[in-house]
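Observations on chain architecture
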Amino acid sequence: MVKNAFIFLILIGVAMILVNLFAGFTGNVDLGQIANHYVANGPAEVGSANIVTAVVVTYRGFDTLGEVTILFLSAAIVGFFLKIENTDNTERNLKYTSEILNTASQVLVPIMILFGVYVFINGHLSPGGGFQGGAIIASGLVLMFIAQPKKEIGHKLINIIESISGVGFVLMGLAGVLFAGGFLDNNVIGLGKFGTLFSAGAIPIIYIFVGLKVGSELTGIALSLKENQNEA
Amino acid sequence: MLNIILAIFLGILIIVLAIMAVLNKNIVVAIIAAGAVSLFASVLYLILAAPDVAMTEAAIGSGLSTIIFFYVLNKINRQNG
């Protein structure tokens, strides 16, 4: 009873704070100073048709590096704790996957991977980017894991792709220090013609690395969980 | 105007599904409800003109994390015998 009253008091306190915020909310009619700078000068400075990409990869590129590092760390921790210990090759008695799921996955998986690649290569032109593309690729591969559990994908291949793309991302950032204005500056190889596929300097290259890295990390997490299903 | 009505409808649906995910005793239903929260949230983000966030939410929130929850649930069920 005392506990419930306590919870009720806390809820009332939270509600009081939120009521103040809600009453004071007016909504922004126009952009703030920094957002205004991004929208006005983004296309000229970065050459990216998608302003969100310009902010995420170039103006706030260091934050993206931090996010990718956090994702790498969590994937590494999952892999560490799910280390396969008994390798006595006992056959998993798998349940029968339905014909519909099996056939649909064979059609959908290549299309999903292709769409993921499209999303991260076109990150500077259309909505989406490295993270989204990588997540779509991982979803496709996880669909394959569910539909065809017997199919093997090597951890080694995933790890190699992940390492290469991580190092490539940082090297592109360092190339920005050497040839352009600073770390992760995209004006390394010239900005190109605005709005075409080969434009926005290093953004497509960085997004390819980010997409492969995110895709391989998320796939790696799902793969370690899948391989551990047999163990008690 | 239609967008606002749809957004409010989706918001109510998300709250109902979230309460269902917390209170339901059957864990499978709770996981699916949590995945549906993400799915409707991604539609809401699309209506609120944030397609980048919507894509992430749809792929990770409703796709991958639901599957990962199911893998973990299966593992826990095995461990508990």
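I will try to describe carefully the structure that is included in this document. (Residues numbered from 1 in each chain as written. Chains lettered and ligands numbered in written order. Predicted model: local features only at pLDDT ≥ 70, side-chain atom pairs only at ≥ 80, totals over all residues.)

**Section: the overall build of chain B**
A tally of helices and strands in chain B yields three helices and zero strands. Over its C-alpha atoms, taken along the principal directions, chain B stretches across nearly 55 × 25 × 10 Å. A total of 81 residues make up chain B; the buried ones form 27% of that total. Sequence-distant contacts in chain B: of pairs separated by 6 or more residues, those separated by 24 or more amount to 43%. (Helix = DSSP H or I, 4+ residues; strand = E, 2+ residues; numbered from the N terminus. Buried ≥ 20, exposed ≤ 12 C-beta atoms within 10 Å, placed from the backbone. Contact = placed C-beta atoms within 7 Å.)

**Some words on the overall build of chain A**
Of regular secondary structure, chain A possesses eight helices and zero strands. If you list the helices and strands of chain A from N to C, you get α-α-α-α-α-α-α-α. For a compact globule of 232 residues, the expected C-alpha radius of gyration is about 17 Å, and chain A comes in at 23 Å, more than 25% above that figure. With the C-alpha coordinates aligned to their principal axes, the bounding extent of chain A is approximately 65 × 60 × 35 Å. Counting only residues that meet the buried cut, chain A has 32% of its 232 residues in that class. (Rg over C-alpha atoms; globule rule 2.2 N^0.38 Å.)

**So, the nonpolar core**
Ranked by size, the top nonpolar core spans 46 residues in total, and within it Ala135(A), Ala138(A), Ile206(A), Val210(A), Ala222(A) and Leu64(B) carry the most contacts. Ala222(A) has contacts with Ala138(A), Val142(A), Phe145(A), Leu64(B), Ile67(B) and Ile68(B), leaving out every residue within four places of it along the chain. Within the second largest apolar cluster, seven residues are counted, among which are Leu17(B), Ile31(B), Ala34(B) and Val37(B). (Core = buried A, V, L, I, M, F, W, Y, C linked by C-beta atoms within 7 Å.)

**Topic: the interface of chain B and chain A**
Counting residues at the interface gives 16 residues for chain B and 19 residues for chain A. Its residues assigned to classes, the side of chain B that touches chain A comprises nine nonpolar, four polar and three charged. (Nonpolar A, V, L, I, M, F, W, Y, C, P; charged D, E, K, R; others polar.)

**A closer look at unusual backbone geometry**
Located in the positive-phi region is Ala49(B), a residue other than glycine, with phi close to 65°. In this fold, Ala49(B) is placed in the loop between helix H2 (27-47) and helix H3 (51-79).

**Digging into the packing of helix H5 (residues 99-121) of chain A against helix H6 (residues 130-147) of chain A**
Axis angle and axis distance: for two packed helices, these are the angle between their axes and the distance between the axes, and together they describe the pair. Residue and element names in this part refer to chain A. Packing of H5 against H6 brings their axes to within 8 Å, and their N-to-C directions diverge by 165°. The angle between H5 and H6 places the two elements in the roughly antiparallel class. Note that H5 runs across H6; the crossing there is left-handed. Facing Leu101, Asn102, Ser105, Leu108, Val109, Met112, Ile113, Phe115, Gly116, Val117, Val119 and Phe120 of H5, the residues of H6 in contact are Gly130, Gln132, Gly133, Gly134, Ile136, Ile137, Ser139, Gly140, Leu143, Met144 and Ala147. Residue classes in the contact of H5 with H6 are distributed as 14 nonpolar, nine polar and no charged. (Axes fitted to C-alpha atoms, helices over the stretch in contact; angles between N-to-C directions. Parallel < 35°, antiparallel > 145°, perpendicular 65-115°, else oblique. Left-handed = near helix turned anticlockwise from the far one by under 90°.)

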